[in-house]
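One-letter residues, chain by chain:
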Amino acid sequence: MPSPLNLSHCVADSLDSGLALNSPSIQEWPTFQPALRLGVMASGNGSNFEAIQASIAANALHADIRLLVVNNQGCGAEQRAQRLNIPCQLWDHRQFETRERLDHALVKAFLQADVELIVMAGWMRIVTPVLIEAFPNRLLNIHPSLLPSFKGLDAVGQALEASVRISGCTAHLVQADVDTGPVIAQAAVPVLPNDSPESLAKRIQAQEHRILPWAIALAGVKWRQSSGIKGS
Ligand code: GRF
């Protein structure tokens, strides 16, 4: 006898394969002349960092990752950078007396790398106005909830705890308060009855990997227009 249809798995599979609600939907990718110069910051696994690079390699996002900064030696993001041959610098927050001192070092590194936009792709530190004001409207973050719901740590756990039926992820510009700032792109996914923190996080991450490169392109167009650089 065929096994009964598991509707929740069907819904999850179809949504995991890219049918989740994505706003704004991904349209034609803009071309940047010259390619957009990116800095990326990551603390852990680095799957979003690699998704950005994959989008570049697929000729979707027209950009170049000039520098990855990590704060945890040997983290997944650092290993991915080695494999992908992308310049990576370790700036360990434990070596700095204050958050501001670390951010001054990061500003210097990103200015030296001549980046236009910086992406916090799983940067698990609070950033200060030192970094935010050095790159106004040019610092992006990806967060695993539909902001302004569930700011801060363990957003996926917070969503499960609140029994929401829909969650998702948000790419936004960074302002001084944690997980605030103008939204650039969001994707919504269902929360299924049997979801664990891991299964929901996985569904949300699949969408992060789609919307983050797109949000970079959208922010890049705005930046090039405001900076008066021709050809964007
Ligand atoms: C992502 O879920 C992101 O939303 C959060 O940190 C996580 C980083 O994952 N800010 P990864 O390191 O990109 O795999």
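Residues numbered from 1 in each chain as written. Predicted model: local features only at pLDDT ≥ 70, side-chain atom pairs only at ≥ 80, totals over all residues. Heavy atoms only, no water.

Novice: Now, about the confidence of the model for the protein chain: what can you tell me, with residues and values included?
Specialist: With 90% of its residues at a pLDDT of 70 or more, the protein chain shows a mean pLDDT of 92. Across residues 1-14, where pLDDT falls below 50, the model places seven contacts with residues more than four positions away in sequence or in other chains. (pLDDT = per-residue confidence, 0-100. Contact = heavy atoms within 4.5 Å.)

Novice: Describe in detail the sheet that holds strand β1 (residues 21-23), supporting the description with residues and values.
Specialist: Here we have eight strands laid out as an open sheet, ordered β1-β8-β7-β6-β5-β2-β3-β4, and mixed in their pairing. Two strands bound the open sheet, and with one partner strand each, they are β1 and β4 (88-90). Between one strand axis and the next, the sheet turns through 15° on average, direction left out of account. Note: β1 against strand β8 (residues 183-190), three bridges, orientation antiparallel. (Pairing = 2+ DSSP bridges. Helix = DSSP H or I, 4+ residues; strand = E, 2+ residues; numbered from the N terminus. Axes fitted to C-alpha atoms, helices over the stretch in contact; angles between N-to-C directions.)

Novice: Summarise the packing of helix α2 (residues 47-57) against helix α3 (residues 76-84); cite the residues concerned and give the values.
Specialist: Between α2 and α3, the shortest axis-to-axis distance is 9 Å and the interhelical angle comes to 25°. In terms of orientation, α2 and α3 fall into the roughly parallel class. For the pair α2 and α3, contact is made by S47, F49, E50 and Q53 and by A77, R80, A81, R83 and L84, respectively. Partitioned by chemical class, the residues of the contact of α2 with α3 number four nonpolar, two polar and three charged. (Parallel < 35°, antiparallel > 145°, perpendicular 65-115°, else oblique. Nonpolar A, V, L, I, M, F, W, Y, C, P; charged D, E, K, R; others polar.)

Novice: Explain α3 to me, using residue names and the numbers behind them.
Specialist: For an α-helix, 3.6 residues make a turn, and residues three or four places apart therefore share a direction. Of all the positions in α3, only A77, E78, R80 and A81 are classed as buried. Taken down its axis, α3 places every buried residue within 160° of arc, on the same side. Within α3, the exposed residues directed more than 90 degrees away from the buried face are Q82 and R83. The inward-facing, buried residues of α3 contact β2 (36-42), α2, β3 (63-70) and β4. Residue N85 follows α3 closely and has a positive phi angle near 65°. (Buried < 20%, exposed > 50% of the residue type's maximum accessible area, 1.4 Å probe, protein only. Arc of directions from axis to C-beta.)

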